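Close look at the chain arrangement
Listed below are the residues making up each chain.
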Amino acid sequence: MKKKTFTLGIFGGGQLGKFLVESANKLNIRTFVFTDSADSPAIYYCDDFIISSYKDKKKLDFFIKNIDLATFEFENIPFKTLDYVEKKINVSPNPSIIKTLQDRLKEKTFLNSIGIKTTKFYYLKKINKKKLDNNIFPALVKTIRLGYDGKGQVFFKNKIDFLKYSFKNKEYIIEKLINFKKEISIIISRDKSKSVSFDAFENLHKNQILQKSQVPANISAKLNVEAKKIAKKIADKLNYIGTMCVEFFITKDNKLLVNEIAPRVHNSGHLTINAHNVSQFENHIRAVCNLKLKKPNRFHRAIMYNILGNDIKKYRSKETTKNEFFYDYGKKEIKNKRKMGHLTKIF
Ligand code: AMP
């Protein structure tokens, strides 16, 4: 085997980091993981790792010295950390993108400014709550920052309930609850000159957490093409390098609304490991390391089920068939709703 010479630094050590490391290993690229948690699945697969606060400049300097470029598995790595690293070494995708996408208000404003439709929303700080448009209800109030898997979200059926609620000292948007037909996502990978994307994945959420994803999505070819075009427009406008996910609602009258953009590999793309010629993770590594992207080609229909919390115990003792692929992330601590593993079935 060729000696690995190039080292990719990865911020974050969760399951997304683990799958990124495994893809890098396959491509003979060294990996160095920087994580703030000892319970990080990726550390068992990478060449080197540091467990430290993302704010520790000494550790960051050591990391920078020992890598050729950096990427991240998760957009909630502090912007300041990524920006500090970017000043000394290339970080892909560029941290300035994170600044826009870590913030729901900036994200939706950006999307609307390039002609892409989102749910109707208001920034709560800038409006008189009593005069709020009644048509926004039923609605969800979401924290602008650090919300994912439904964290930081409160549902209001009507304005009366909304006005009674006392919000913490945080920034919020209020957004109309969509009675959608389906949710889909498009995963796109882009390098400096080209982008490739997977066809839409159809996603089902339970309590705002992804429960299952399947491919092909049961949608028209026209909607699939339209969603891919929107994802490409976003990636191009952001000058994005790496893999990114755009999540959509399909309304009852077949219109696409972007719910959010994940500037990273995404849970709905886990099934690409088993159903396609290339995974979302491998194309991320290819994009950031300047290797040729592979055009996705699907070999199988597939369904991926997330395994949360204690359910992992049942799966650990279950036999799988040859068409089932069980992934145990190996997290030490089992927490309610924590993503502990997933199962992909191919057909
Ligand atoms: P988010 O963290 O914003 O991606 O929300 C997680 C999930 O909650 C989404 O995938 C939807 O299933 C649901 N959700 C979020 N916002 C809305 C909305 N405005 N209308 C209906 N469902 C929503």
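Check the entry above for the structure.
In short, a report on the structure.

Calculation notes
- Residues numbered from 1 in each chain as written.
- Predicted model: local features only at pLDDT ≥ 70, side-chain atom pairs only at ≥ 80, totals over all residues.
- Heavy atoms only, no water.
- Disulfide = S-S within 2.5 Å.
- Buried < 20%, exposed > 50% of the residue type's maximum accessible area, 1.4 Å probe, protein only.
- Salt bridge = Lys/Arg side-chain N within 4 Å of Asp/Glu carboxyl O.
- Helix = DSSP H or I, 4+ residues; strand = E, 2+ residues; numbered from the N terminus.
- Arc of directions from axis to C-beta.
- Contact = heavy atoms within 4.5 Å.
- Polar contact = N/O pair within 3.5 Å; in protein donor to acceptor, adjacent residues only side chain to side chain.
- Pairing = 2+ DSSP bridges.
- Axes fitted to C-alpha atoms, helices over the stretch in contact; angles between N-to-C directions.
- Phe/Tyr/Trp six-rings, centres within 6.5 Å; stacked < 30°, edge-to-face > 60°.
- Lys NZ or Arg CZ within 6 Å of the ring centre and 35° of its normal.
- Near = heavy atom within 4 Å.
- Areas by Shrake-Rupley, 256 points an atom, 1.4 Å probe, with all protein chains shown as cover.
- Nonpolar A, V, L, I, M, F, W, Y, C, P; charged D, E, K, R; others polar.
- Domains from an automatic or database assignment.

**Brief notes about the state of the cysteines**
Joining two cysteines, a disulfide is a covalent bond between their sulfur atoms. Throughout the structure, instances matching the rule amount to zero disulfides. The structure places no disulfide on Cys-289, whose sulfur is separated from the nearest cysteine sulfur, that of Cys-46, by 15 Å. You can call Cys-289 buried: its relative accessible area is 12%.

**Focus on the pattern of salt bridges**
Summed over the entire model, instances satisfying the criterion amount to 23 salt bridges. Lys-125 serves as the salt-bridge partner of Glu-171, at 3.6 Å between the closest nitrogen and oxygen. With a gap of 46 residues between them, Glu-171 in the loop between helix H6 (159-164) and strand S8 (172-176) and Lys-125 in the loop between strand S5 (121-123) and strand S6 (139-143) connect regions that are remote in the sequence. Judged by relative accessible area, which is 34%, Glu-171 ranks as partly exposed. On the accessibility criterion, Lys-125 (63% relative accessible area) is exposed.

**Comments concerning helix H2 (residues 57-65)**
Buried within H2 we find Leu-60, Phe-63 and Ile-64. For H2, the arc enclosing every buried residue in end-on projection is 95°, short of the 170-degree limit, so these residues lie on one face. Exposed residues lying more than 90 degrees from the buried face of H2 are Lys-58 and Lys-65. Where H2 is buried, its residues contact strand S1 (7-11), strand S2 (30-35), strand S3 (48-51) and helix H3 (79-86). Between the side-chain oxygen of the N-cap and the backbone nitrogen of Lys-58 there are 3.1 Å, and the N-cap of H2 in question is Asp-56.

**Quick notes on the environment of Leu-20**
Note on placement: Leu-20 falls in helix H1 (residues 15-26). Classification of Leu-20 by relative accessible area gives buried; the value is 0%. For Leu-20 and Lys-168, which are 148 residues apart along the polypeptide, the C-alpha to C-alpha distance reads 37 Å. When residues no more than four places from it in sequence are discounted, the contact partners of Leu-20 are Ile-10, Phe-72, Glu-73, Val-265, Phe-281, His-284 and Ile-285.

**Remarks on the sheet that holds strand S4 (residues 69-72)**
Two orientations exist for strands paired in a sheet by backbone hydrogen bonds: parallel and antiparallel. Pairing is parallel in the open sheet, where four strands are placed in the order S3-S2-S1-S4. This sheet does not close on itself; its edge strands, each paired only once, are S3 and S4. Here the strands of the sheet are splayed against their neighbours by 20° on average, with no regard to which way each runs. Here S1 pairs with S4 via four bridges, running parallel. Across the sheet, Phe-11 pairs through a bridge with Phe-72, a residue of S4. Strands in contact with H1 are S1, S2 and S4; relative to S2, the strand with the most contacts, it is inclined by about 165°. Running over the sheet, helix H9 (residues 280-288) touches S1 and S4 and is turned about 145° from S4.

**Observations regarding the packing of aromatic side chains**
Here the structure, examined in full by the defined rule, presents 20 aromatic pairs. Between Phe-32 and Phe-62 the ring centres are 6.4 Å apart and the planes differ by 80°, which places this aromatic pair in the edge-to-face class. Of this pair, Phe-32 sits in strand S2 while Phe-62 sits in helix H2, and the two are 30 residues apart along the sequence. With a relative accessible area of 4%, Phe-32 lands in the buried category. Assessed through its relative accessible area of 46%, Phe-62 is described here as partly exposed. In this structure an aromatic cluster arises from ring pairing among Phe-11, Phe-32, Phe-34, Tyr-54, Phe-62 and Phe-63. When the ring centre of Tyr-45 is taken as reference, the NZ or CZ atom of Lys-18 above it lies at 4.8 Å. Geometry around Tyr-315 places Lys-318 over its ring, the cationic atom sitting 4.5 Å from the centre.

**A word on the site of the ligand**
As a structural note, the neighbourhood of the ligand is formed by 17 residues, with Lys-142, Glu-175, Ile-178, Glu-183 and Glu-260 the closest of them. At 2.6 Å, a side-chain N or O of Glu-183 approaches an oxygen atom of the ligand. Here an oxygen atom of the ligand sits 3.2 Å away from a polar atom, N or O, in the side chain of His-205. Contact with the protein chains removes 94% of the 480 Å² of surface that the ligand exposes when unbound. Counting only elements with at least two residues in the shell around the ligand, the list comes to S6, S8 and strand S14 (256-262). Taken together, the residues of the shell around the ligand sort by class into five nonpolar, six polar and six charged. In this structure, the shell around the ligand is formed jointly by two domains, domain 2 (120-176) and domain 3 (182-346), each of which donates at least three residues.

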